[in-house]
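# Descriptive structure summary
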Amino acid sequence: MGTYGTKDNPRILLLAGGIEFQRADMKLSSMDTLIEQEDKHMELLVDKIMSLKPDIILVGKSVARKAQELLCEHQLIVMQNVKLKLLERLSRMTGAMLLPSTDTMIQQYGEECLGTCGHFKLRLVQDDPEKSTSAVPQRILRTRISRASTYAYVQGCPPERGCTIVLRGAFRATLKEIKRIL
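Analysis parameters
Residues numbered from 1 in each chain as written. Predicted model: local features only at pLDDT ≥ 70, side-chain atom pairs only at ≥ 80, totals over all residues. Heavy atoms only, no water. Helix = DSSP H or I, 4+ residues; strand = E, 2+ residues; numbered from the N terminus. Buried < 20%, exposed > 50% of the residue type's maximum accessible area, 1.4 Å probe, protein only. Areas by Shrake-Rupley, 256 points an atom, 1.4 Å probe, with all protein chains shown as cover. Disulfide = S-S within 2.5 Å. Salt bridge = Lys/Arg side-chain N within 4 Å of Asp/Glu carboxyl O. Polar contact = N/O pair within 3.5 Å; in protein donor to acceptor, adjacent residues only side chain to side chain. Contact = heavy atoms within 4.5 Å.

## Let's talk about the overall build of the protein chain
Tallying secondary structure elements over the protein chain gives six helices and eight strands in all. Each helix (α) and strand (β) of the protein chain, taken in turn from the N terminus, gives the series β-β-α-β-α-β-α-β-α-β-β-α-β-α. Counting over 182 residues, the protein chain shows a buried share of 27%. For the protein chain, the exposed area adds up to about 12,200 Å²; of that, 53% sits on carbon and sulfur atoms.

Set out below in structure tokens:
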């Protein structure tokens, strides 16, 4: 079990869409021109995002490789492909607005679209291979390599906004059944 990516009192930005380059026209262009356009667009988009000074960005869709590199240079925590339902819960818990895209966020909302919490941390949790109830026959590699999951802990939010229950310890099938009941 390892902890990484911790922040105290982070400024959190929630995006339902992705941080990607959308090519508008269907004309034939050279690959170099397209790459140059995408790089320029990503730089402008990341500059817009950075003007808000977020510490953490959670994105509902994918984040382009160039945008990931630029955001990494600013030492931001970026999580992509986060489920919409989870983004909605995080919006409620942190007070952040769930923005549909990055295009209009700066002009319309400014820094008021950001949320916060007392403490944020990412934690890598190894699954116990002995408690896996997979129907797939056990192979040599499967028995030696255990899976890991990364959990994001958002702590220090007002208790009236909700809570999270972490279920651990039982067989995977049992945990799934408990989750379904709750």
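Here the narrative resumes, following the displayed structure.
## Some thoughts on the state of the cysteines
Note: disulfide means a covalent bond formed between the sulfur atoms of two cysteine side chains. Summed over all chains, the structure comprises zero disulfides. We note that Cys 117 lacks a disulfide partner, and the nearest cysteine sulfur, in Cys 157, lies 5.1 Å from it. Classification of Cys 157 as buried rests on a relative accessible area of 15%.

## Topic: the pattern of salt bridges
This model, assessed by the stated rule, comprises three salt bridges. Here Glu 69 and Arg 65 are joined by a salt bridge, their closest N and O atoms 3.2 Å apart. A residue pair is termed a helical-turn pair when its members lie 3 or 4 positions apart in one helix, as Glu 69 and Arg 65 do in helix α2 (residues 65-73) at four residues.

## Thoughts on the side chain of Ser 91
Tracing the backbone shows Ser 91 in helix α3 (residues 84-94). For Ser 91, a relative accessible area of 18% puts it in the buried group.

## Here we look at the side chain of Thr 94
Relative to the helices and strands, Thr 94 is located in helix α3. Reaching out from Thr 94, the side chain makes a polar contact with the backbone oxygen of Leu 90 at a distance of 2.7 Å. In this structure the side chain of Thr 94 is engaged in a polar contact, spanning 3.3 Å, whose partner is the backbone nitrogen of Ala 96. Excluding residues within four positions of it along the chain, Thr 94 makes contact with Ile 12, Leu 14, Gly 115, Thr 116, Val 154, Cys 157 and Arg 161.

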